[in-house]
Amino acid sequence: EPEVTQTPSHQVTQMGQEVILRCVPISNHLYFYWYRQILGQKVEFLVSFYNNEISEKSEIFDDQFSVERPDGSNFTLKIRSTKLEDSAMYFCASGQETQYFGPGTRLLVL
Amino acid sequence: SQQGEEDPQALSIQEGENATMNCSYKTSINNLQWYRQNSGRGLVHLILIRSNEREKHSGRLRVTLDTSKKSSSLLITASRAADTASYFCATDASGGYQKVTFGTGTKLQVIP
């Protein structure tokens with residue numbers, strides 16, 4: 001059964017560094033998403049992406065964040081200058097009516 | 001803002017018992033989905049129910065939706081220790097596959 005994959009599974013970085021989180025959505029899906037979950041809190045929407053452009057973004061998704069679909073298979077989330085409060089589990093999802101989530105990348109900013 | 005709120009926040013039952021979790025939301029929706037999350041892991045999609053549906057079954061799962069009350073319930077029958085996880089409802093109001101909004105979750109513990 002096809003599934004969404006994410007790399008790396010864990011990432012530790014210093015505050016102020018750039019990180020790129022990678023996702024491979026399910027191949028025939030057209031809509032892609034990033035969510036995050038701070039430890040012990042709800043899953044929060046960050047951004048949705050369709051037809052090679054952002055279709056919706058939340059208040060969390062400020063200028064420090066960007067997304068890209070550099071080729072036909074990958075979907076990336078970049079955080080330009082990480083802050084301590086960016087520490088969270090980041091989930092990629094793809095789908096349409098049903099969203100299928102990847103296993104997540106646990107980001108720790110020190 | 002549209003938000004799902006599950007109750008109870010935590011539920012502990014014996015293996016073999018049924019578990020019922022409820023979700024309430026604030027605005028009109030197109031569909032509602034239930035997800036399971038094992039501790040520190042990813043979100044597993046369980047079931048989707050559309051706004052024009054009232055009940056749906058999948059294996060040991062039964063989901064109901066009452067749009068007049070803006071609420072949904074997830075019933076897990078004959079629970080197993082492996083069902084121990086957090087369960088979230090997520091609502092889609094956009095109709096354009098933009099995002100889902102997650103609730104706070106119910107942490108279910110099934111005691112063997």
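Everything below is about the structure printed above this text.
Residues numbered from 1 in each chain as written. Chains lettered and ligands numbered in written order. Predicted model: local features only at pLDDT ≥ 70, side-chain atom pairs only at ≥ 80, totals over all residues. Heavy atoms only, no water.

**Considering the sheet that holds strand β1 (residues 5-7) of chain B**
All names here are of chain B. Taken in spatial order, the five strands line up as β1-β3-β8-β7-β6 in an open sheet, and their pairing is antiparallel. Looking at strand neighbours, the two that pair on one side only are β1 and β6 (55-58), the edges of this open sheet. Across the sheet, the axes of successive neighbouring strands diverge by a mean angle of 15°, strand direction being ignored. As paired elements, strand β3 (residues 19-24) and strand β8 (residues 71-76) share six bridges and run antiparallel to each other. Bridge assignment links T20 to a residue of β8, and that residue is L75. (Pairing = 2+ DSSP bridges. Helix = DSSP H or I, 4+ residues; strand = E, 2+ residues; numbered from the N terminus. Axes fitted to C-alpha atoms, helices over the stretch in contact; angles between N-to-C directions.)

**Focus: the pattern of salt bridges**
Residues and elements named next belong to chain A. Within this structure, the stated rule accounts for six salt bridges over all chains. In this structure, R36 and E44 form a salt bridge, with 3.3 Å as the shortest nitrogen-oxygen distance. Under the relative-accessibility criterion, E44 is labelled partly exposed at 25%. (Salt bridge = Lys/Arg side-chain N within 4 Å of Asp/Glu carboxyl O. Buried < 20%, exposed > 50% of the residue type's maximum accessible area, 1.4 Å probe, protein only.)

**Considerations on the interface of chain B and chain A**
Across the boundary between the two partners, chain B contributes 21 residues, which contact 21 residues of chain A. When chain B packs against chain A, the two sides together hide about 1,800 Å² of surface, and 52% of this comes from carbon and sulfur. Our count for the contact surface shared by chain B and chain A stands at two salt bridges. Ionic pairing is found between E56 of chain A and K99 of chain B, a salt bridge with its closest N-O pair at 3.5 Å. (Contact = heavy atoms within 4.5 Å. Buried area = accessible area lost by both parts, 1.4 Å probe.)

**Looking at the packing of aromatic side chains**
Using the criterion set out here, one finds 14 aromatic pairs over all chains in the structure. Summarising the aromatic geometry, the rings of Y35 of chain A and F102 of chain B are spaced 5.9 Å apart at their centres and angled 85° between planes, so their arrangement reads as edge-to-face. Taken as a pair, Y35 of chain A in strand β4 (residues 31-37) and F102 of chain B in strand β10 (residues 101-102) lie in two separate chains rather than in one. Ring centres 6.3 Å apart and planes at 80° place the aromatic pair F88 of chain B and F102 of chain B in the edge-to-face group. With F88 of chain B in strand β9 (residues 85-92) and F102 of chain B in strand β10, this pair connects stretches of sequence that are 14 residues apart. A relative accessible area of 4% means that F88 of chain B is categorised as buried. Residue class for F102 of chain B comes out buried when judged on its relative accessible area of 1%. Among the aromatic side chains, those forming a connected cluster through ring pairs are Y33, Y35, F45, F91 and F101 of chain A together with Y35, F88 and F102 of chain B. (Phe/Tyr/Trp six-rings, centres within 6.5 Å; stacked < 30°, edge-to-face > 60°.)

No statement about biological role is implied by the geometric values presented.
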